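If you want the building blocks of each chain, they are given just below.
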Amino acid sequence: MGKGSKAKVAQAKQKKNRSNTFWLLVFPITALAIKLIVMFNTQGGGWLGADGENYLTGVDGLLKDGFFSTEGKLIYWPAGYPLFIWPFAKISVTNFIYFISFFQSVLFALATYIFARAISQTKVKKAATWSSFIISFNPTLSLSSLAIGYESPIASLLMIAISFILRDIAASKTILSTRNVVISGLCLSVSTFFQPRIILFAIVLIAVWTISKEKTVVRIKISAAMLILTMLFPSALILRNVVANEQAAISTNLGVTMRIGAGDKATGGYGTPDGSILCPPKVKDQPVTDNQVVVCVLKWYAGNPVKALELMVNKSRFYWSPWLGPEANGTMARNPWLKISPLVGFTKNEDGFKLVYGTFGKIISLAWLLGGILMLSLGFLRLWNFGGLERQIGLLIGAPVVLGWLTSLGTIGDHRFRIPQM
């Protein structure tokens, strides 16, 4: 091939890359612009998520008493998210939801671009543009950045963390980039700060990254640095709770959540009265601790394997269930998508309600549920069969999905819990 032909090929390649980059930017920026319009046309600048009132109560405690506030909501639920939005409230109590919505939306747009950009550097680069479009305009996932809740920030931080891990794996099998380690480690740390179960995701992501390297010394450096960084913010949270409440814990709601999802009367989701499993205190007249409740629930599972299996099936159904319809189960009543979904209006008349919640609706709901799992499985298998870097992509993006599901099996099934991994 002559020099002129090579130059033309190079120019064509550069033009194509510029075109791809253009669309990777257009979709998140367009979605951001739409969300800003929605934000300025929404009273207060956003809306409350499922636990919105609890987070605001936590912020009130922080505004009143500072970092070591003894407000009960800050120990029962992880205080990470209230601490995150606290500075916005200090700037302006009346406008802080505007600030939160704007910050979370910009972070989501940036994370979408970074993630799609990382995919565009691989053999599955044709999926990058579609990934950017689907993430940007998925109503529930994208609009959650306008809600008071940890789901959107965690989704954004997971995308950024996985992108920089992927970038480091692609760069070399024998060396590592300090920049990639610091950025991904801090993203996972803040995510765990918001929701403790993210530590499980972090451990597996670090393991995938470590295995991809060929030198033992590099593996040790990644493992040590990432574990230290990942535990940085959660450790600060534990320290806060030790000083404020004399409890060395990130939160104290794990046992309660597990207890709701277990027991003879349990369905696998919310709605079962707390205390379906008896858990007497170890010391008479002393309150039962969260850790003791966790042990009681685990003992019940061990002693009731058949019922435990039935509950796990139900929890899986609830976790993967649609946002609306006969199979829907969870705490997404405030889902922004339900404010504009045509199906919601359709169910307001008797015939529409019967269609959506009748036999036909049940078939569609189950098909949607099973179809989603099938598509994810096929996508993972396709990436696995590519081998190399693309197999690493499958492991990195598949781990949070599977671990989020497994976490629900041990606690309760709720379709809201899958939002950060969507």
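Reference entry: report on the structure contained in this document. The structure displayed is predicted, hence computed values, not measured ones. (Residues numbered from 1 in each chain as written. Predicted model: local features only at pLDDT ≥ 70, side-chain atom pairs only at ≥ 80, totals over all residues. Heavy atoms only, no water.)

Under the defined criterion, the tally for this structure stands at six salt bridges. A salt bridge links Arg416 to Asp51; the shortest N-O distance between them is 3.6 Å. Within this pair, whereas Arg416 is found in the segment after α20 (388-410), its partner Asp51 is found in the loop between β1 (47-48) and α2 (52-65), the two being separated by 365 residues in sequence. Across the pair, Asp51 and Arg416 agree in class, each one buried. In this structure, the salt-bridge partner of Asp168 is Lys213, at a minimum N-O distance of 2.8 Å. Here Asp168, found in helix α8 (residues 151-171), pairs with Lys213, found in the loop between α10 (198-212) and α11 (216-230); they are 45 residues apart in sequence, far enough to count as distant. (Salt bridge = Lys/Arg side-chain N within 4 Å of Asp/Glu carboxyl O. Helix = DSSP H or I, 4+ residues; strand = E, 2+ residues; numbered from the N terminus. Buried < 20%, exposed > 50% of the residue type's maximum accessible area, 1.4 Å probe, protein only.)

Right, let's talk about the packing of helix α18 (residues 350-357) against helix α19 (residues 359-386) for a bit. Across the interface, α18 lies against α19 with an axial gap of 4 Å and an inter-helix angle of 45°. Judged by the angle between their axes, α18 and α19 are oblique. Residues Leu355, Val356 and Tyr357 of α18 lie in contact with α19, whose contacting residues are Phe360, Gly361 and Lys362. Residue composition of the contact of α18 with α19, grouped by class: four nonpolar, one polar and one charged. (Axes fitted to C-alpha atoms, helices over the stretch in contact; angles between N-to-C directions. Parallel < 35°, antiparallel > 145°, perpendicular 65-115°, else oblique. Contact = heavy atoms within 4.5 Å. Nonpolar A, V, L, I, M, F, W, Y, C, P; charged D, E, K, R; others polar.)

Within this model, the second largest pocket holds a volume of roughly 1100 Å³. Around the second largest pocket sit 39 residues that line it, and Ser251, Thr252, Asn253, Leu254 and Asp290 are the ones nearest its centre. Put simply, the parts of the chain that give the lining of the second largest pocket at least two residues each are α9 (178-194), α10, α13 (254-260), α14 (290-303) and α20. Looking at the lining of the second largest pocket element by element, the count peaks at five residues for α13. (1 Å grid on protein atoms, 1.4 Å probe; cavity = no way out; pocket = protein on both sides within 12 Å on 5 of 7 lines; lining within 4 Å. Points joined across faces, edges and corners; volume = space filled by probe spheres on them.)

Turning our eyes to something else, we now look at a nonpolar patch on the surface. Where nonpolar side chains cluster on the molecular surface, the patch consists of Phe67, Phe68, Leu239, Val242 and Val243 and spans about 410 Å² of accessible area. Within the secondary structure layout, Val242 lies in helix α12 (residues 232-245). Overall, Val242 belongs to the partly exposed group, its relative accessible area being 35%. (Patch = residues over 30% accessible without salt bridge, like charges linked within 9 Å, V, L, I, M, F, W, Y side chains within 5 Å. Areas by Shrake-Rupley, 256 points an atom, 1.4 Å probe, with all protein chains shown as cover.)

Let's shift gears to α9. With 17 residues, α9 ought to run about 24 Å at 1.5 Å a step, and its terminal C-alpha atoms sit 24 Å apart, in line with that. Counting buried positions along α9 yields twelve of 17 residues, so the element is predominantly enclosed. All of the buried residues in α9 are Asn180, Val181, Ser184, Gly185, Cys187, Leu188, Ser189, Val190, Ser191, Thr192, Phe193 and Phe194. On its buried face, α9 is in contact with α4 (80-91), α8, α10, α11 and α12. (Expected span 1.5 Å × (residues − 1).)

Moving on to the state of the cysteines. Applying the stated criterion across every chain yields a total of one disulfide. With a sulfur-sulfur separation of 2.1 Å, Cys279 is cross-linked through a disulfide to Cys296. Between Cys279 and Cys296, the disulfide has an S-S torsion of 70° and is therefore right-handed. Here the residue Cys279 occupies a position in the loop between α13 and α14, and Cys296 occupies one in helix α14, the gap between them amounting to 17 residues. Cys296 shares its class with Cys279; the two are buried. (Disulfide = S-S within 2.5 Å.)

Moving on, we get to the packing of aromatic side chains. Tallied over the entire structure, the rule returns 23 aromatic pairs. With 4.6 Å between their ring centres and 25° between their planes, Phe353 and Tyr357 make a pair best called stacked. Of the two residues, Phe353 and Tyr357 both sit in helix α18, four residues apart, roughly one turn of that helix. Residue Phe353 is classed as partly exposed on the basis of its relative accessible area, which comes to 42%. Residue Tyr357 is classed as partly exposed on the basis of its relative accessible area of 29%. Joined through ring pairs, the aromatic side chains of Tyr55, Tyr81, Phe84, Phe88, Phe103, Phe193, Phe194 and Phe233 make up one cluster. Geometry around Trp47 places Lys339 over its ring, the cationic atom sitting 5.6 Å from the centre. The positively charged end of Arg391 is found above the aromatic ring belonging to Trp384, 4.1 Å away from the centroid. (Phe/Tyr/Trp six-rings, centres within 6.5 Å; stacked < 30°, edge-to-face > 60°. Lys NZ or Arg CZ within 6 Å of the ring centre and 35° of its normal.)

Here the focus is the nonpolar core. One recurring pattern in soluble globular proteins is that nonpolar side chains are buried together. Membership of the largest hydrophobic core comes to 78 residues, with the highest contact counts inside it found for Tyr81, Ile85, Phe194 and Leu396. By residue number, the principal contributor to this core is α8, which donates twelve residues. Each residue touching Ile85, except ones within four places of it in the same chain, is listed here: Val59, Phe96, Ile100 and Ile148. One finds Ala266, Val294, Tyr301 and Ala308 within the second-largest nonpolar core, a separate group that totals 13 residues. (Core = buried A, V, L, I, M, F, W, Y, C linked by side-chain atoms within 4.5 Å.)

This paragraph deals with the packing of α8 against α9. Close contact between α8 and α9 brings their axes to 8 Å; oriented N to C, the two are set at 155°. One element, α8, and the other, α9, form an angle in the roughly antiparallel class. Like other packed secondary-structure pairs, α8 and α9 cross with a definite hand, here left-handed. Residue-level inspection shows Pro153, Ile154, Leu157, Leu158, Ile160, Ala161, Phe164, Ile165, Arg167 and Asp168 of α8 in contact with α9, the latter providing Arg179, Asn180, Ile183, Ser184, Cys187, Leu188, Val190, Ser191 and Phe194. Classifying every residue of the contact of α8 with α9 gives 13 nonpolar, three polar and three charged. (Left-handed = near helix turned anticlockwise from the far one by under 90°.)

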